Amino acid sequence: MMISEHLNKIRASLPTGVNLCAVSKYHPAEMIQEAYDAGQRIFGESHVQELQQKQSALPTDIEWHFIGHLQTNKVKYIAPYIGLIHSVDSPRLLCEINKQALRHDRRISCLLQLHVAQEETKFGFAPEECLDYLRSHEYATLPGIRIAGIMCMATNTDDETRIRSDFHTAYTVFSQCIAEFPDLAPGMTIRSWGMSEDYNIAVIEGSNMVRIGSSIFGPRNY
Ligand SMILES: *Cc1c(COP(=O)(O)O)cnc(C)c1O
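Residues numbered from 1 in each chain as written. Predicted model: local features only at pLDDT ≥ 70, side-chain atom pairs only at ≥ 80, totals over all residues. Heavy atoms only, no water.

K.L.:
Hey, could you run me through the environment of Glu 128 in this one?
P.N.:
Looking at the secondary structure, you find Glu 128 in helix α6 (residues 127-135). Separated by 112 residues in sequence, Glu 128 and Thr 16 have C-alpha atoms that sit 31 Å apart. (Helix = DSSP H or I, 4+ residues; strand = E, 2+ residues; numbered from the N terminus.)

This is the structure:
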């Protein structure tokens, strides 16, 4: 199948209101262009240098999302154009995004990455850390950022019950944030969870933005 066919099949399977971030990391610009020509506008990348090259080579109305671990010293490169950073995993990173956004007169939308998976190595805020961060109201002193929602990755497992419960935890934290921080609620609308292998479960568990790579572009050559 061609990229456009994969895309159309996935789009058709997503309920209204669920957005698709096409994860194009490790795939060449030509493949992104093909997806673009099939109407896709949101693309997710996880490496700054790779994103820089693609951003300068591809149409300017692409909405680029950053989905990988972001080092603070690299924020400056993507600050001029990035549409959404899914993977904000520390208060320090938020401060840096704020600083770089203001240098470009921008306000950058950010998702707080929750650590809900069983793996030890995953980045992100534990649910309580996330709520405690918001309770500190530090975000209110950062005019260059907008807390736009929550992102998470489920445990890497075949156990559907486990995956469901990880997403369910993220949904619960999201709901708590909305309830406890009415000042954030109007701008905090994005629930980013679900990848190629688990997006159907993610949608059932309240995702409204899925990040799908290999089901669109095929396997990645690392
Ligand atoms: C690579 C990646 C994806 C997409 O994974 P697929 O299994 O190829 O759909 C989604 N989210 C994040 C954070 C990723 O790094």
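K.L.:
Explain the packing of α6 against helix α7 (residues 160-180) here, please?
P.N.:
For any two helices packed against each other, the geometry comes down to the angle between their axes and how far apart the axes lie. With their axes 10 Å apart at the nearest point, α6 and α7 run at an angle of 15° to one another. With respect to α7, the element α6 is oriented roughly parallel. Both α6 and α7 take part in a crossing whose hand is right-handed. Here Pro 127, Cys 130, Leu 131, Leu 134 and Arg 135 of α6 lie close against α7, whose contacting residues are Thr 169, Val 173, Gln 176, Cys 177 and Glu 180. (Axes fitted to C-alpha atoms, helices over the stretch in contact; angles between N-to-C directions. Parallel < 35°, antiparallel > 145°, perpendicular 65-115°, else oblique. Left-handed = near helix turned anticlockwise from the far one by under 90°. Contact = heavy atoms within 4.5 Å.)

K.L.:
Honestly, the site of the ligand in this entry has me stumped. Any pointers?
P.N.:
Neighbouring the ligand are Val 23, Lys 25, Ile 67, Met 151, Met 153, Met 195, Ser 196, Arg 211, Ile 212, Gly 213, Ser 214 and Arg 220. Here an oxygen atom of the ligand sits 2.6 Å away from a polar atom, N or O, in the side chain of Lys 25. Interatomic distance of 2.5 Å between a side-chain N/O atom of Ser 196 and an oxygen atom of the ligand. Calculation on the ligand without its partners gives an accessible area of 380 Å², and the protein chains cover 90% of this total. Here the residues of the shell around the ligand are counted per class, giving 6 nonpolar, 3 polar and 3 charged. (Near = heavy atom within 4 Å. Polar contact = N/O pair within 3.5 Å; in protein donor to acceptor, adjacent residues only side chain to side chain. Areas by Shrake-Rupley, 256 points an atom, 1.4 Å probe, with all protein chains shown as cover. Nonpolar A, V, L, I, M, F, W, Y, C, P; charged D, E, K, R; others polar.)

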